[in-house]
Amino acid sequence: MSITLTINGEPRTIDADPETPLLWALRDELGMTGTKFGCGIAQCGACTVHLDGTPVRSCQTFIGDVGDASITTIEGIDGKAAKAVQAAWQELEVPQCGYCQSGQIMAATALLAETPKPSDDDIDTAMDGNVCRCATYARIRQAIHLAADKMEA
Amino acid sequence: MLHMLENPLQSAVPSRRTFLKLSAGAAGGLMLALRMPGSARAAGDDASFAQPFVHIRPDNTVVVLNKHQDMGQGNATGLATLVADELDADIAQVTAEFAPANAALYKNLAFGMQGTGGSTAIANSFMQYRQAGAAAKAMLIAAAAEDWGVPASEIKVEKGVLSHSNGKSATFGDLAGLAAKQEVPGEPVLKKPEDWVYIGKDFPRVDAAGKSHGSIGFFGMDHQAENMLVAVLARPPRFIAVATGFNDTEARKVKGVVDVVSVPSGVAVLATSTWPAIKARGLLDVTWDDSKAETRSTEEMARELADMTGKKGLPVAKGHGDPEAALASAARVIEVDYSFPFLAHAPMEPLDITVLFDGNSATFWTGSQFQTVDQMVAGTVLGLTPDKVAINTTWAGGSFGRRAQPDSHYFAEAALIAKARLDAGNAPQPIKVVWTREDDIKGGYYRPMVAHKARVGLDENGNVVGWHHRVASKSIMIGTSFEPFAVKDGVDSTSVEGVDELPYELPAFQAEAHNAETPVPVLWWRSVGHTHTGYVAETMIDRLAKEAGEDPLDYRLKRIKKDQRYAGVLKLAAEKAGWKDPLPDGRYRGIAVVKSFNSYVAEVAEISFRDDGTVKVEKVVCAVDCGIPVNPKNIEAQMQSGIGYGLGAILRNEVTMTDGVVDQENFDTYLPIRMTDMPEIEVHIVPSTEAPTGVGEPGTPPIGPAVANAIAAAKGEWITELPLSKHGLA
Ligand code: FES
Ligand code: FES
C-alpha cells in the first residue's frame, strides 16, 4: 500500500504495510539511516524523531497513523535550538560511540524549543527516556545547558 | 511448508585445532600467517602519499588509518593525535579511517593479530603511530628539499605547511606525490616530549561532527546496498538447542519475505527490508531439540558455583606463604561468599553484519573488532583463504567486549546464510544479518556468573595472618583459540586476574580456581575478570580495615606493597574528594582502587539514600594513572563512561534463566543506566612519563566496590550478592 508522509518538509511516498514502524520506513525504504534502532519497544529513544515538533519514538509510530503530521528527522532538523544543540554537542565532544546521539539530539532540541532555559530537573524529565550505553550523560547535560546559553546569546 | 531437518548442520565454528593449525609459532603470541591483500597504496594515483598508517591526499587531507576498532573509546582520535603531532599536521586536515583487515600490516602488537581489546589500542600503537607520523614528515621534507633544491635540515614544518627561509612554502597535499617517492626512513627521529603540540594537550575528536549530525553510513547497521536482503533469525530459546524442523507457511505470507534458511544457530528469515523480516520471524513455528541445551535455572547454577568454592580448586600460579596453615592458627577467621550474575553487554547498536559472497570471495561490512579471527572464521566457513575475505570495518555503536569473539559467531552465521543461499542456486546478493535487542539480551556471550569465597585469618588485634581465596566460574578462554596463551595448568587468567595476588602486604595469600561447565556462551565484558575480582578484593579490604579499626584509606596506604602508583591514585582521589572532611547528614563515602590493563584507578563514591531506600550515587571522584596521558579529554570521557557502565551493572543488571530460558528480553527488563542514575563525576589524571596504558576499561572495576563500601559505611554491611536491586537498594 502506498502512503505519503511529509518528511523534513518534503512529501515522500512509501510502498509499505501501514503497520510498518516509521523507524524502518525511514531507514530501509528511504535510506535515512540517521534515525537509529536500539530497542524497538520505545525504551531507549535512539529512534526519536519529531512529529509536529514533538519528540516521538519512531519504532512505535506506525506509518499508517502519521497522517499529514510533519515528520522531522536528524537529517532535517534546523532552527535555532537544533543549531545550538549540534554546536554544543560538537564543542563538548558529547558523542562516544555516537549510536544514541541522533536520538539524544532530537530529544534535546525538542526540549530547548519548548523550554529555552531548562533546569536540571527539566533535563532529567526530557532526557531520561534516552539511553546512552556509553554513559555520556554528564556531557549531554552540560551540552544542553551550553546550547541554552548559545540560544540566549 | 513444513521442513524436517534430518541432519542439522554441524556447527561451522572452527575448532581450537583448526585455529592452532592456522597459527604459526605459538611462542611469540598468536602469530597468524596471512597473505597481504595488495598494497596499502590508495587509488594508485601519483599525487597521493600512502603508507600503511598515513595517507596524504592531493586535497591536503591527512588520513590516519586506524588498525583498531573504535566503538566509542576514542582510539581513532588517539591515533590521529599521535600521527598529527609527529607530522606537525594541522588539526583541521586530519581525518581517520579504518584500515583493511590485514594482519601482516595491522596486527595489534600486543596480540600478534589484528584486533582490539584489553585496552591496548594506545599502549601498543604509541611508538608505531608516532613513527609513522615522523616517517611521513621526513619524507615530506625530503620531497621539499628535492623540489626546492635546498638541504632538508633547513626546512621547517608547522601546522601542515613546509617552508624555507628562501620564501618557498607548500602544503602536505602539494608534496604528497613527491613524498611518496622518497625512501621510507628506517628509524625516523621522534620528537622529545617537551616538543609535543597535541599529545598530552588537546586534539578534538575526529568523529564528533559526524556523530552529531546522524551522518549516513557510520555504523554497520546503516549499511545499505542495491538488492540487499535483511536476515533476522529465530534463535533457540535455550542455549545451543538446535532446530529440528520448522513451519514457515505464515512467515512466507508476509510481503517482502524472500526466503527462509536454516543454519546451526537458528532459522533465518530473509526479506527485502528489516521490518518484514522481524515480523515474519515472529510467525515461524520452530521445533527445537533441547537434548544438549542448558535447562537449568540460574539459581541452580549459582548454587553449583557456591558449592565449588567450598572445595579445593586448581592452584593459581601466583600467591605466597601458606594461608591454610595461617588460618588454622588464626584467632578468628572471616569467611565471605560472593555471587555475581551473568551480564549482557547490551551495546547501543546490537550486532549486525552484511555479507556478499560470490563463491570465490567474500566481503563483509561490520564493526569488526577481531579482524584476523573474523577473516579466518569466515574463510573456514566459506572455503576461502583469508586473503579472499575482505572486511570493511565500520564504526561500532559500542561493544564493551561483545564484538570481540574468539569464535566469530556472527561472522560464521552470516557466512553460512550466504553460502546456503548460493548453494541453493541463488545469485550472489548482499545480506545484512540484524540482531534485535531481544536477540542481544537473550543471546548469551555474557560476563560469566561467578562465585568467590574469601577466608581471611586475623590475630587478636585484627591483623591479617593469611588469606585464602577461591573463584568459580565458566572459563572464557578454555576451548577457544586463545586457550594456549591464557590458560595455564587449567587456570584461566581472566577468571582470576585481580585476585591472583593483591597489591597489599599480606603474610600469606593463595587463590584457587574452579572451572564450571554450562552451554551458556560467555565472553569478556568491559574489564573482564576485574568486574568481579575488583569488587571482592576491595570490599574485603574495607571490611578488614574495619576489623583493624582503621580508616579505609589509611589502611590501604599503609599496606600497599612496592607499587606506589596505587598509592598515587588513592591519595589524589582522596584529596580531591575531601576524604577526611566531614559529610553532611545522610551522605556516605566509599573508596576503592583497582589496577587493570596496567592502568591504576581509584574512585571515591559519595552516596545518599532516597525515601524508598534505594541508593543514589551523588558524586564520584576518580583518579587515574595511565602513564603519559595522550588525550586528556578522552581519558576523562572514558573514566565517566566506565563508571556509568559499571554503576548501571551493579545497580540493576543481571541475566537470569528459568529452566534455561532467559528471563530478560529488552531494555524494559534489562534496565540500562539512565540520566537520572548518573552521578556527578570528577576525573583527575596523575601526571606521568611512563609509557601510556589503556583507559577503555579501567574506569569500570572500582565503582562497584566504592559504592558498596559507601553502603557499608551507612549500614555496616557489605553487599556480597549483586545486583543491588536484589536487596531493595536499586
Ligand atoms: S528504538 Fe525506538 S525507543 Fe528504542
Ligand atoms: S554515545 Fe554510545 S550509546 Fe551514547
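Reading guide: rules and limits
Residues numbered from 1 in each chain as written. Chains lettered and ligands numbered in written order. Predicted model: local features only at pLDDT ≥ 70, side-chain atom pairs only at ≥ 80, totals over all residues. Heavy atoms only, no water. Helix = DSSP H or I, 4+ residues; strand = E, 2+ residues; numbered from the N terminus. Rg over C-alpha atoms; globule rule 2.2 N^0.38 Å. Buried < 20%, exposed > 50% of the residue type's maximum accessible area, 1.4 Å probe, protein only. Contact = heavy atoms within 4.5 Å. Areas by Shrake-Rupley, 256 points an atom, 1.4 Å probe, with all protein chains shown as cover. Domains from an automatic or database assignment. Buried area = accessible area lost by both parts, 1.4 Å probe. Salt bridge = Lys/Arg side-chain N within 4 Å of Asp/Glu carboxyl O. Polar contact = N/O pair within 3.5 Å; in protein donor to acceptor, adjacent residues only side chain to side chain. Nonpolar A, V, L, I, M, F, W, Y, C, P; charged D, E, K, R; others polar. Core = buried A, V, L, I, M, F, W, Y, C linked by side-chain atoms within 4.5 Å. Phe/Tyr/Trp six-rings, centres within 6.5 Å; stacked < 30°, edge-to-face > 60°. Lys NZ or Arg CZ within 6 Å of the ring centre and 35° of its normal. UniProt positions renumbered as here; feature names shortened; annotations may be inferred. pLDDT = per-residue confidence, 0-100. Pairing = 2+ DSSP bridges. Axes fitted to C-alpha atoms, helices over the stretch in contact; angles between N-to-C directions.

Chain B is annotated in an unreviewed UniProt entry as Xanthine dehydrogenase family protein molybdopterin-binding subunit of Roseibium aggregatum.

The name an unreviewed UniProt entry assigns to chain A is (2Fe-2S)-binding protein, from the organism Roseibium aggregatum.

### Some details on the overall build of chain A
Tallying secondary structure elements over chain A gives 6 helices and 5 strands in all. Taken from N to C terminus, the helices and strands of chain A fall in the order β-β-α-β-β-α-β-α-α-α-α. For a compact globule of 153 residues, the expected C-alpha radius of gyration is about 15 Å, and chain A comes in at 15 Å, within 12% of that figure. If you line up chain A on its principal axes, its C-alpha atoms span 45 × 30 × 25 Å. A burial count over chain A gives 59% of its 153 residues as buried. Considering only contacts within chain A whose residues lie at least 6 apart along the sequence, 58% involve residues at least 24 apart. Approximately 5400 Å² of chain A is accessible, and the part contributed by carbon and sulfur atoms is 47%.

### A closer look at the domain arrangement of chain A
Residues and elements named next belong to chain A. When cut into domains, chain A gives domain 1 (2–72) and domain 2 (80–152). Each of domain 1 and domain 2 has a C-alpha centre, and the two are 21 Å apart. Summed over both sides, the interface between domain 1 and domain 2 buries roughly 920 Å², with carbon and sulfur atoms accounting for 56% of that surface. Linking domain 1 with domain 2 are 0 salt bridges. For the pair domain 1 and domain 2, the number of links is 5 residue pairs in polar contact (both at pLDDT 80 or more). Of all the secondary structure elements, the ones that give two or more residues to the side of domain 1 that touches domain 2 are strand S3 (48–51) and strand S4 (54–57). When residues in the side of domain 1 that touches domain 2 are grouped by element, the largest group, 3 residues, is from S3. Of the residues contributing to the side of domain 1 that touches domain 2, the split by class is 5 nonpolar, 7 polar and 2 charged.

### Some details on the side chain of B:His468
The residue B:His468 is located in strand S21 (residues 464–473) in this model. Within the local environment of B:His468, its side chain forms a polar contact with the side chain of B:Glu512, the two groups lying 3.1 Å apart.

### Focus on the environment of B:Thr518
Residues and elements named next belong to chain B. Tracing the backbone through its elements, the reader meets threonine 518 in the loop between strand S24 (509–515) and helix H16 (530–547). Sequence spacing of threonine 518 and alanine 99 is 419 residues, and the spatial spacing of their C-alpha atoms is 37 Å. If we ignore the near neighbours within four places in the chain, the residues touching threonine 518 are Glu294, Arg296, Met301 and Lys474. A distance of 2.6 Å separates the side chain of threonine 518 from the side chain of glutamate 294, its partner in a polar contact.

### Describing the pattern of salt bridges
Residue and element names in this part refer to chain B. Throughout the structure, instances matching the rule amount to 54 salt bridges over all chains. A salt bridge links aspartate 439 to arginine 235; its shortest N-O distance comes to 3.7 Å. Pair noted here: aspartate 439 is in helix H13 (residues 437–442) and arginine 235 is in the loop between strand S9 (229–234) and strand S10 (242–247), with a separation of 204 residues, a long-range link. Taken as a pair, aspartate 439 and arginine 235 share a single burial class, namely buried. A salt bridge links glutamate 550 to lysine 558; the nearest nitrogen and oxygen atoms lie 3.1 Å apart. The exposed category is assigned to lysine 558, whose relative accessible area is 60%. When salt bridges with common partners are traced through the structure, they connect Asp85, Asp88, Lys137 and Lys191 into a single cluster.

### Examining the interface of chain B and chain A
Interface extent is often summarised as the accessible area lost during association of the parts. On the side of chain A, 52 residues touch chain B, which itself brings 54 residues to the contact. Interface area for chain B against chain A, summed over the two sides, is near 4500 Å², with a carbon-plus-sulfur share of 56%. The interface formed by chain B and chain A holds 5 salt bridges in total. Where B:Asp222 meets A:Arg27, a salt bridge forms, and the shortest distance between an N and an O atom there is 2.9 Å. Our count for the chain B to chain A interface comes out at 24 residue pairs in polar contact (both at pLDDT 80 or more). Listing elements by their share of the side of chain B that touches chain A, those giving two or more residues are helix H6 (208–211), helix H8 (274–281), H13 and helix H19 (632–652) of chain B. With 7 residues, H19(B) is the single largest residue contributor to the side of chain B that touches chain A.

### A short note on the nonpolar core
In terms of nonpolar packing, the biggest core is built from 221 residues, with B:Phe364, B:Trp467 and B:Val707 touching the most fellow members. Grouped together as the second largest cluster of nonpolar side chains are 45 residues, B:Val64, B:Ala136, B:Ile141 and B:Leu175 included.

### Side note on the packing of aromatic side chains
Enumeration over the complete set of coordinates arrives at 25 aromatic pairs over all chains. Between B:Phe482 and B:Trp524 the ring centres are 5.9 Å apart and the planes differ by 70 degrees, which places this aromatic pair in the edge-to-face class. With B:Phe482 in the loop between S21 and helix H14 (483–486) and B:Trp524 in the loop between S24 and H16, the pair connects residues that are 42 residues apart, well separated along the chain. Judged by relative accessible area, which is 11%, B:Phe482 ranks as buried. The structure contains a cluster of three or more aromatic residues connected by ring pairs, namely A:Tyr99, B:Phe98, B:Phe218, B:Phe219 and B:Trp395. Note that B:Lys715 overlies the ring of B:Phe609, its terminal NZ or CZ placed 4.5 Å from the centroid.

### Details of the UniProt feature "domain: Aldehyde oxidase/xanthine dehydrogenase a/b hammerhead" (unreviewed entry) in chain B
Residues given the UniProt feature "domain: Aldehyde oxidase/xanthine dehydrogenase a/b hammerhead" (unreviewed entry) here are residues 209–292 of chain B. A distance of 49 Å separates the end C-alpha atoms of residues 209–292 of chain B, which is 18% helix and 36% strand.

### Side note on the domain arrangement of chain B
Residues and elements named next belong to chain B. Taken domain by domain, chain B consists of domain 1 (41–203), domain 2 (220–292 + 351–434) and domain 3 (298–343 + 445–727). A straight line from the C-alpha centre of domain 1 to that of domain 2 covers 37 Å. Here domain 1 and domain 2 share an interface that buries about 1300 Å² over both sides, 59% of which is from carbon and sulfur atoms. Our count for the contact surface shared by domain 1 and domain 2 stands at 0 salt bridges. The interface formed by domain 1 and domain 2 includes 8 residue pairs in polar contact (both at pLDDT 80 or more). Here the side of domain 1 that touches domain 2 is composed, by residue class, of 9 nonpolar, 6 polar and 2 charged.

### Topic: the confidence of the model for chain B
All names here are of chain B. When pLDDT is averaged along chain B, the result is 93, and 94% of the positions lie at 70 or above. With pLDDT under 50 throughout, residues 4–43 is counted as low confidence; its partners more than four residues away or in other chains account for 76 contacts. Quick note on the complex model: pTM equals 0.94, ipTM equals 0.98.

### Description of the environment of B:Phe400
Within the secondary structure, B:Phe400 sits in the loop between strand S18 (389–393) and helix H12 (409–423). On the accessibility criterion, B:Phe400 (10% relative accessible area) is buried. When the C-alpha positions of B:Phe400 and B:Glu335 are compared, they lie 33 Å apart, and in sequence the two are 65 residues distant. Excluding residues within four positions of it along the chain, B:Phe400 makes contact with A:Arg133, A:Cys134, B:His345, B:Pro347, B:Trp524, B:Trp525, B:Arg526 and B:Tyr645.

### Things to note about the sheet that holds strand S15 (residues 332–340) of chain B
All names here are of chain B. Sheet architecture is open: 5 strands sit in the order S14-S24-S21-S20-S15, paired in mixed fashion. This sheet does not close on itself; its edge strands, each paired only once, are strand S14 (314–315) and S15. Note that S21 and S24 share 7 bridges and pair parallel. Across the sheet, the residue bridging to histidine 468 is glutamine 510, located in S24. Lying on the sheet, helix H9 (residues 298–309) is in contact with S15, strand S20 (450–458), S21 and S24; it crosses S20 at an angle near 30 degrees. Together, S15, S20 and S21 form the strand contacts of H16, whose direction differs from that of S15 by roughly 150 degrees.

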